[in-house]
Amino acid sequence: MRVGFLGAGLIATYHSKSLRQSGAETACGVVRAGVYDPDTERAAAFAAASGHTVCATEVEVLDTCDAVYVCTWTSEHPRLVAMAVERGLHIFCEKPLAISLESAETMATLVNAAGVTNQVGLVLRRSPAYLWARQLINDAAAGRVMAVVFRDDQFIPTQGHYASTWRGDKALAGAGTLLEHSIHDVDMLRYLVGDISRVSANEANFHGIDGIEDAVTATIAFDNGATGTLATVWHDNLARPSQRRVEIFCERRFIVIEGDDWFGPVHWTDTSGAEHSLHGEALEVAAAPLTDGSLNPDGEFIRAAAAGLPSWPTFDTAVDAHRVVEAMYASSRAGGAAVHLQY
Ligand SMILES: NC(=O)c1ccc[n+]([C@@H]2O[C@H](COP(=O)([O-])OP(=O)(O)OC[C@H]3O[C@@H](n4cnc5c(N)ncnc54)[C@H](O)[C@@H]3O)[C@@H](O)[C@H]2O)c1
């Protein structure tokens, strides 16, 4: 299983390290193949740390691997995924899939038609905190889920340790905090509560960067009757790199996810007044049986690709999140009018 990388930045480095830790590298006989990044210093540093070989072009990477990670800035994903599909490669593509819903749909159509293993970087689907919270919601003792309050804030990632220039360029990133960051949150709202039938949203642009909104609030109606709100903010408080807090109200249970996206804690209170909490290793141990395979997204991608099996979350899952994000932008453009979703 020869694995290549397109893009050698922050998230490529994360996946390379995570694959090493997963145990799948040895189990599946992974060969660290090519890496390409137009930033040659980055490509060289990545190769030196990971054992990949620097390639001079994208084509060279694609022609010498069986599975490829597409970890470039967002606008490049559709073109590179199409090239990978032409070669029948298994594909891990970062989120967002593309800067538009239409492109994301085309990408999903391509990978599905080719029948290749495809996975998207919506990694919270394997987070112990979210897996555990979902189990608490689905437990009959909780009753029906009634409402959710989802807050996500981080300093605008054109600064700090991200120091990302492309996130301030709408041609490369597509948009601001909602598409670039909170597509994760939209995916988790669907994962925790269910399909979304209607949204209404407002956005603001305090930093004045063209096309890069930095505050969005949305109200959400779910198919199952639950209601929700999402607030996502890119501010300048460098002490807050990325913070999520999710409050879920069921008929007979109240659940909070806070702290670390992976290790919680998750708190919950039942109608008896008993208070419970899980975090860290205990949360990981509790959540592990709730999913097939391991909690490592990279190990599971490579295992599935080596076996020629489907993996998850798929491009189709990402398209569902893109559809909601696009509806929120459409609502905002229409002054917050309700936008109905069709699946
Ligand atoms: N899943 C997550 O939690 C998560 C976290 C961070 C970033 N991301 C996503 O990952 C992608 C990359 O983000 P990042 O933070 O790693 O950015 P980054 O700036 O650290 O790295 C992106 C790299 O892509 C390179 N690049 C651009 N065009 C290329 C091409 N055609 N071929 C090869 N390399 C190319 C750039 O030179 C740059 O080095 C974005 O889509 C972003 O939204 C996902």
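## Let's talk about the overall build of the protein
Within the protein, the regular secondary structure consists of 13 helices and 15 strands. In terms of C-alpha radius of gyration, the protein reaches 20 Å, essentially the compact-globule figure of 20 Å for 343 residues. Projecting the C-alpha coordinates of the protein onto the three principal axes gives extents of approximately 60 × 45 × 40 Å. Buried positions account for 47% of the 343 residues belonging to the protein. Excluding contacts between residues fewer than 6 apart, the proportion of contacts in the protein whose partners are at least 24 apart in sequence is 70%.

## Examining the site of the ligand
Close to the ligand lie 25 residues; G7, G9, I11, E94 and G121 are nearest. Looking at the shell around the ligand element by element, the count peaks at 3 residues for helix 1 (residues 10–22). Here the shell around the ligand spans two domains, and each of domain 1 (2–123) and domain 2 (124–294 + 320–339) adds at least three residues to it.

## Observations regarding the nonpolar core
V68, I91, A133, L189, L192 and M328 are the most contacted members of the largest nonpolar core, which totals 98 residues. Mapped onto the domain boundaries, this core takes at least three residues apiece from domain 1 (2–123) and domain 2 (124–294 + 320–339).

## Quick word on the sheet that holds strand 4 (residues 67–70)
Read from one edge of the open sheet, 6 strands run 3-2-1-4-5-6, paired in parallel fashion. Since the sheet does not close on itself, it has two edges, and those belong to strand 3 (53–54) and strand 6 (118–120), each with one partner.

## Overview of the sheet that holds strand 7 (residues 145–155)
Strand order in the open sheet formed by 9 strands is 14-13-12-11-7-10-9-8-15, and the pairing between neighbours is mixed. The sheet terminates laterally at strand 14 (275–278) and strand 15 (339–340), the two strands that pair on one side only. Sheet strands in contact with helix 7 (residues 128–138) are strand 7, strand 11 (243–250), strand 12 (253–260), strand 13 (264–270) and strand 14, and its direction is about 180° off that of strand 12. In this fold helix 10 (residues 183–192) packs onto strand 7, strand 8 (196–204), strand 9 (215–222), strand 10 (227–235) and strand 11, with an angle of close to 160° to the strand it touches most, strand 7.

## Points about the pairing of strand 8
Where strand 8 and strand 9 come together, 8 bridges link them in antiparallel fashion. Residue I196 lies in a different strand from strand 9, and its bridge partner there is F222. Direction of pairing for strand 8 relative to strand 15: antiparallel, over a ladder of 2 bridges. The residue bridging R198 from the neighbouring strand is H340, located in strand 15.

## With respect to helix 13 (residues 315–333)
It helps to recall that an α-helix has 3.6 residues per turn; residues three or four apart then point in one direction. Given a rise of 1.5 Å per residue, 19 residues ought to cover 27 Å, and the 26 Å separating the end C-alpha atoms of helix 13 matches this to within 8%. Counted residue by residue, helix 13 has 14 buried out of 19 residues, so it is predominantly covered. Among the residues trailing helix 13, G335 stands out with phi positive, at a value near 70°.

## Digging into the domain arrangement of the protein
By the assigned domains, the protein splits into domain 1 (2–123) and domain 2 (124–294 + 320–339). Distance between the C-alpha centres of domain 1 and domain 2: 26 Å. Each partner contributes residues to the interface: domain 1 has 14 residues there, and domain 2 has 18 residues. Looking at the side of domain 1 that touches domain 2, the elements that each hand over two or more residues are helix 1 and helix 6 (101–114).

## A look at unusual backbone geometry
The linkage connecting K95 with the following residue, P96, adopts the cis geometry, with an omega of -20°. Of note, P96 is situated in the loop between strand 5 (90–93) and helix 6. For the bond running from G264 to P265, omega is 20°, close enough to zero to count as cis. Along the polypeptide, P265 turns up in strand 13. Within the chain, A163 stands out as a residue other than glycine whose phi angle is a positive 40°. Along the chain, A163 falls in the loop between strand 7 and helix 8 (170–173). According to the C-beta neighbour criterion, A163 is exposed, with 10 such atoms within 10 Å.

## A look at the packing of helix 5 (residues 77–86) against helix 6
Packing of helix 5 against helix 6 leaves a shortest axis separation of 10 Å and a crossing angle of 10°. In terms of their interaxial angle, helix 5 and helix 6 are classed as roughly parallel. Contacts between helix 5 and helix 6 pair P78, V81, A82 and V85 from the former with S103, T106, M107, L110, V111 and A114 from the latter. Among the residues forming the contact of helix 5 with helix 6, the class breakdown is 8 nonpolar, 2 polar and no charged.

## Details of the packing of helix 7 against helix 11 (residues 280–287)
Viewed as axis vectors pointing N to C, helix 7 and helix 11 meet at an angle of 55°, and their least axial separation amounts to 9 Å. Overall, the two elements helix 7 and helix 11 adopt an arrangement that is oblique. In this structure, helix 7 meets helix 11 at a crossing whose hand is left-handed. Contact residues: P128, A129, L131 and W132 in helix 7; L283, E284, A286 and A287 in helix 11. By residue class, the composition of the contact of helix 7 with helix 11 is 7 nonpolar, no polar and 1 charged.

The rules behind each value
Residues numbered from 1 in each chain as written. Predicted model: local features only at pLDDT ≥ 70, side-chain atom pairs only at ≥ 80, totals over all residues. Helix = DSSP H or I, 4+ residues; strand = E, 2+ residues; numbered from the N terminus. Rg over C-alpha atoms; globule rule 2.2 N^0.38 Å. Buried ≥ 20, exposed ≤ 12 C-beta atoms within 10 Å, placed from the backbone. Contact = placed C-beta atoms within 7 Å. Near = placed C-beta within 6 Å. Domains from an automatic or database assignment. Core = buried A, V, L, I, M, F, W, Y, C linked by C-beta atoms within 7 Å. Pairing = 2+ DSSP bridges. Axes fitted to C-alpha atoms, helices over the stretch in contact; angles between N-to-C directions. Expected span 1.5 Å × (residues − 1). Parallel < 35°, antiparallel > 145°, perpendicular 65-115°, else oblique. Nonpolar A, V, L, I, M, F, W, Y, C, P; charged D, E, K, R; others polar. Left-handed = near helix turned anticlockwise from the far one by under 90°.

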